[in-house]
Every structure is written in C-alpha cells, then in structure tokens.
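# Commentary on secondary and tertiary structure
Next come the chains, spelled out residue by residue.
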Amino acid sequence: MNEIGRNDKCPCGSGKKYKKCCLPKVEEQNAWTNKLLNEDYEKWIVEDEKVGLANMASATANPPDPSPAFAKGSEGEKLFNEMIA
C-alpha cells in the first residue's frame, strides 16, 4: 500500500491536496490516540507500582515457611530433618 504524500490529491475525492483536506483530521485523531494511550500507560504504571509495593510489603511482613509441607511423622519429614541437621 502506498503512503499518501502531503501534496498528493486527497483520497476522499474532494480534489484538494491531502495536507489541506484530511491530513489535519488524521493528525488530530493521532494526537488524541497518543494522549489517551499515554494517560492509560501512566495510570497502569502507577497502579502496577502500588500493587508491587503492597505485595512486597506483605511478603516481608509474612514470609513463607521455607520448609516443605510434609505430614507429621512421615518419611518425607524424617528425611528432610536429617538433611538439614
């Protein structure tokens, strides 16, 4: 597909040059799209940081138990205790 040059005839059929007809509308739409995308991206970054900080705070406040989950008195528990002793 060929790109439309600024000085080409507008594809809308008006007979005007593209830069005097539809190009300003396209540029305005692109500017709005970029603005909305940037705002959404910034909101996402802020929310992601909040969630990440909250997760990090809860992880340090309640660290997980490093020992594997074995049934009390099972062979697995006995072997594990021998390994770490």
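Here's a quick rundown of the structure. Keep in mind the model is a prediction, meaning the values are calculated, not measured.

About the cut-offs
- Residues numbered from 1 in each chain as written.
- Predicted model: local features only at pLDDT ≥ 70, side-chain atom pairs only at ≥ 80, totals over all residues.
- Heavy atoms only, no water.
- Core = buried A, V, L, I, M, F, W, Y, C linked by side-chain atoms within 4.5 Å.
- Buried < 20%, exposed > 50% of the residue type's maximum accessible area, 1.4 Å probe, protein only.
- Contact = heavy atoms within 4.5 Å.
- Salt bridge = Lys/Arg side-chain N within 4 Å of Asp/Glu carboxyl O.
- Helix = DSSP H or I, 4+ residues; strand = E, 2+ residues; numbered from the N terminus.
- Disulfide = S-S within 2.5 Å.

## Quick notes on the nonpolar core
Where a protein is soluble and globular, its nonpolar side chains tend to be buried together. C10, Y18, C21, C22 and L23 together form the largest nonpolar core, which totals 5 residues. Look past the residues within four positions of C21 in its chain and what remains in contact with it is C10, C12, S14 and K16.

## Looking at the pattern of salt bridges
Side-chain pairs of opposite charge can arise where the charged atoms are in close proximity. If you walk through the whole model with that rule in mind, you get 2 salt bridges. Measuring nitrogen to oxygen at the nearest pair gives 2.8 Å for the salt bridge that ties K35 to E39. Of this pair, K35 and E39 both sit in helix α1 (residues 23–61), 4 residues apart, which is roughly one turn of the helix. Owing to a relative accessible area of 41%, K35 belongs among the partly exposed residues under this scheme. A salt bridge links E75 to K78; its shortest N-O distance comes to 4.0 Å. In this pair, E75 and K78 both sit in helix α2 (residues 75–84), 3 residues apart, roughly one turn of the helix. E75 sits in the exposed class, given a relative accessible area of 54%. By relative accessible area, K78 is classed as partly exposed at 44%.

## Some points on the state of the cysteines
As enumerated under the stated definition, the model contains 0 disulfides in all. Free of any disulfide, C21 has its nearest cysteine sulfur in C12, 3.6 Å distant. Look at C21 and you get buried, because its relative accessible area is 14%. With no disulfide of its own, C22 lies closest to C10 among cysteine sulfurs, the gap being 3.4 Å. A relative accessible area of 17% places C22 in the buried class.

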